[in-house]
Structure formats: structure tokens, C-alpha cells
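# A closer look at the structure
This is what each chain is made of:
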Amino acid sequence: MDKEFLSEFSKERYFRSYKSKGWYCKNLLEKVLENKIGNTLDNFSMSLFESFYKVRYKNYNQEEFKLAFKSSKKESKHHPKFFQKKVLTEFESKLKSIEDKLKVFQ
């Protein structure tokens, strides 16, 4: 039954269409920018975005800003509403209420 369902599937046609959608351009750009100039451009763009977000979200202190907007060359986390802080605050309040009910740490 699987062979009947996939009888018209052609791996060559699939991968040809997959690669023709801009993959050659992407691979070329990665090879061209995989050097000191590309690294400098990457560092510049990261500092540009960081300064933009610092101006836009100036109500955060330095520690909160680092938590809400983590970014490096391998990761990027952007949470302008700072949901993480809301969750931690709610968790602490619930933990405190449970401790009060059970009279723990008193």
C-alpha cells in the first residue's frame, strides 16, 4: 500500500526543487562571509541591534535586559514583554503562599 501511495514520488525531483529555491545563493553567501570580513559584519550587526533594543526598551535595568534579550552568534532570545519575569514572580508568590499554609521555614 505504501508503494502505491508513494509511486509518483521522485527523490531526484524533490531534491532538485528543494535546492533550486535559493539554496545555491545561501551556500554561496555562507562561503563568501565565512572569513574576517563576514565576522566583522556579524559583530557590527549584533551591536547595532543591541543598541537599538537598549534605546527602545530603556525601562529595563542591565540585568533584566540581559535576561530578556539574550543574543550571541549561536542563539537569540527576544522577549520584550519579559514573560519570564512574570512567570518567576508568580511562581515565587505561589511558593510563598504554600510555605505560609504549611508553616515551612518559620
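Everything numeric in this text was worked out from a predicted model, so none of it was measured.

Our focus in this paragraph is the environment of Ser71. One can find Ser71 in the loop between α5 (62–68) and α6 (83–102). Spatially, the C-alpha atom of Ser71 lies 8.5 Å from that of Glu50, the residues being 21 residues apart in sequence. Every residue in contact with Ser71, bar those within four places of it in the chain, is listed here: Met46 and Ser76.

All right, on to α6 then. Given 3.6 residues per turn, any residue in an α-helix points the same way as the ones three and four places further on. The terminal C-alpha atoms of α6 lie 29 Å apart, and with 20 residues this matches the ideal 28 Å at 1.5 Å per residue to within 8%. One or two residues past the end of α6 sits Lys103, with phi positive at roughly 55 degrees.

Let us look at a nonpolar patch on the surface. On the surface, Leu28, Leu29, Val32, Leu33, Leu41, Phe44 and Leu48 cluster together into a nonpolar patch covering about 680 Å² of accessible area. Elements with a contribution of two residues or more to the nonpolar patch: α3 (23–32) and α4 (36–56).

What the rule picks out here adds up to three salt bridges. For Asp42, the salt bridge is made with Lys73, and the minimal N-O distance between the two is 3.9 Å. Here Asp42, found in helix α4, pairs with Lys73, found in the loop between α5 and α6; they are 31 residues apart in sequence, far enough to count as distant. Its relative accessible area of 29% is what places Asp42 among the partly exposed residues. Salt-bridge contacts for Lys85 lead to Glu64; the nearest nitrogen and oxygen are separated by 2.4 Å. Residue Lys85 is located in helix α6, and its partner Glu64 is located in helix α5; the two are separated by 21 residues in the primary sequence.

Following the criterion strictly, the structure yields eight aromatic pairs and no others. Among the aromatic residues, those joined into a cluster by ring pairs are Phe52, Tyr53, Tyr57, Tyr60, Phe65, Phe69 and Phe82.

Positive phi, close to 55 degrees, is recorded for Phe82, a residue that is not glycine. Its relative accessible area of 6% is what places Phe82 among the buried residues.

About the thresholds
- Residues numbered from 1 in each chain as written.
- Predicted model: local features only at pLDDT ≥ 70, side-chain atom pairs only at ≥ 80, totals over all residues.
- Heavy atoms only, no water.
- Helix = DSSP H or I, 4+ residues; strand = E, 2+ residues; numbered from the N terminus.
- Contact = heavy atoms within 4.5 Å.
- Expected span 1.5 Å × (residues − 1).
- Patch = residues over 30% accessible without salt bridge, like charges linked within 9 Å, V, L, I, M, F, W, Y side chains within 5 Å.
- Areas by Shrake-Rupley, 256 points an atom, 1.4 Å probe, with all protein chains shown as cover.
- Salt bridge = Lys/Arg side-chain N within 4 Å of Asp/Glu carboxyl O.
- Buried < 20%, exposed > 50% of the residue type's maximum accessible area, 1.4 Å probe, protein only.
- Phe/Tyr/Trp six-rings, centres within 6.5 Å; stacked < 30°, edge-to-face > 60°.

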